[in-house]
Amino acid sequence: MGCRVRTVYSELLRLVVVEGVIVPDLRRRLPGRGASLHPDLSCLELAERRRAFPRAFRAAGALDPSPVRRHLEGLQTERIG
Ligand SMILES: [Zn+2]
């Protein structure tokens, strides 16, 4: 959804919107319309720049992706440390 690089579905992070906030659906169990993103900060930033989130979720207003950002930052820290 961000960079459009094809990846197997299982490697993608599923995202859903809960009350205007985009959250990572780590267990793929949350209801509602989902979108998939590479678990990568650069991919998230690309999606934000392209305003891909409101389109993917068919949202009228702005969506807050900060929980996704925090999740991806946590993943990066784990890889480094
Ligand atoms: Zn990507």
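Residues numbered from 1 in each chain as written. Predicted model: local features only at pLDDT ≥ 70, side-chain atom pairs only at ≥ 80, totals over all residues. Heavy atoms only, no water.

A. Geometry of the UniProt feature "domain: YlxR" (unreviewed entry) in the chain. The UniProt entry lists residues 2-60 under the feature "domain: YlxR" (unreviewed entry), expressed in the numbering used here. Spanning residues 2-60, this segment combines 25% helix with 24% strand, and its end C-alpha atoms are found 19 Å apart. (UniProt positions renumbered as here; feature names shortened; annotations may be inferred. Helix = DSSP H or I, 4+ residues; strand = E, 2+ residues; numbered from the N terminus.)

B. Here's a closer look at the side chain of arginine 14. Tracing the sequence through the fold places arginine 14 in strand 1 (residues 13-18). Here the side chain of arginine 14 touches leucine 30 through a polar contact of 2.7 Å, landing on its backbone oxygen. One polar contact links the side chain of arginine 14 to the main-chain carbonyl oxygen of glycine 32, over a distance of 3.5 Å. With near-sequence residues (within four places) excluded, arginine 14 lies in contact with Tyr9, Val23, Pro24, Asp25, Arg28, Leu30, Pro31, Gly32, Gly34 and Ala35. (Polar contact = N/O pair within 3.5 Å; in protein donor to acceptor, adjacent residues only side chain to side chain. Contact = heavy atoms within 4.5 Å.)

C. Representation of a positive patch on the surface within the structure. A grouping of Arg4, Arg49, Arg50 and Arg55 is seen on the molecular surface, where their side chains present a positively charged patch. Mapped onto the elements, arginine 55 comes out in helix 2 (residues 52-57). For arginine 55, a relative accessible area of 54% puts it in the exposed group. (Patch = residues over 30% accessible without salt bridge, like charges linked within 9 Å, V, L, I, M, F, W, Y side chains within 5 Å. Areas by Shrake-Rupley, 256 points an atom, 1.4 Å probe, with all protein chains shown as cover. Salt bridge = Lys/Arg side-chain N within 4 Å of Asp/Glu carboxyl O. Lys, Arg positive; Asp, Glu negative; His and termini not counted. Charge placed at Lys NZ, Arg CZ, Asp CG, Glu CD. Buried < 20%, exposed > 50% of the residue type's maximum accessible area, 1.4 Å probe, protein only.)

D. Fine view of the side chain of histidine 38. On the secondary structure map, histidine 38 appears in the loop between strand 3 (34-37) and helix 1 (41-49). What histidine 38 contacts, discounting residues up to four positions off in sequence, is Cys3, Val5, Thr7, Leu12 and Cys43.

E. Region of interest: empty space enclosed by the protein. In this structure the tally under the stated criterion is one cavity of 30 Å³ or more. Approximately 40 Å³ is the volume found for the largest cavity. Around the largest cavity, the lining residues are Pro39, Asp40, Leu41, Leu72, Leu75, Gln76 and Arg79. Sorting elements by how many residues they give to the lining of the largest cavity places helix 3 (residues 66-80) first, with four residues. Here the lining of the largest cavity is built from residues that sort into four nonpolar, one polar and two charged. (1 Å grid on protein atoms, 1.4 Å probe; cavity = no way out; pocket = protein on both sides within 12 Å on 5 of 7 lines; lining within 4 Å. Points joined across faces, edges and corners; volume = space filled by probe spheres on them. Nonpolar A, V, L, I, M, F, W, Y, C, P; charged D, E, K, R; others polar.)

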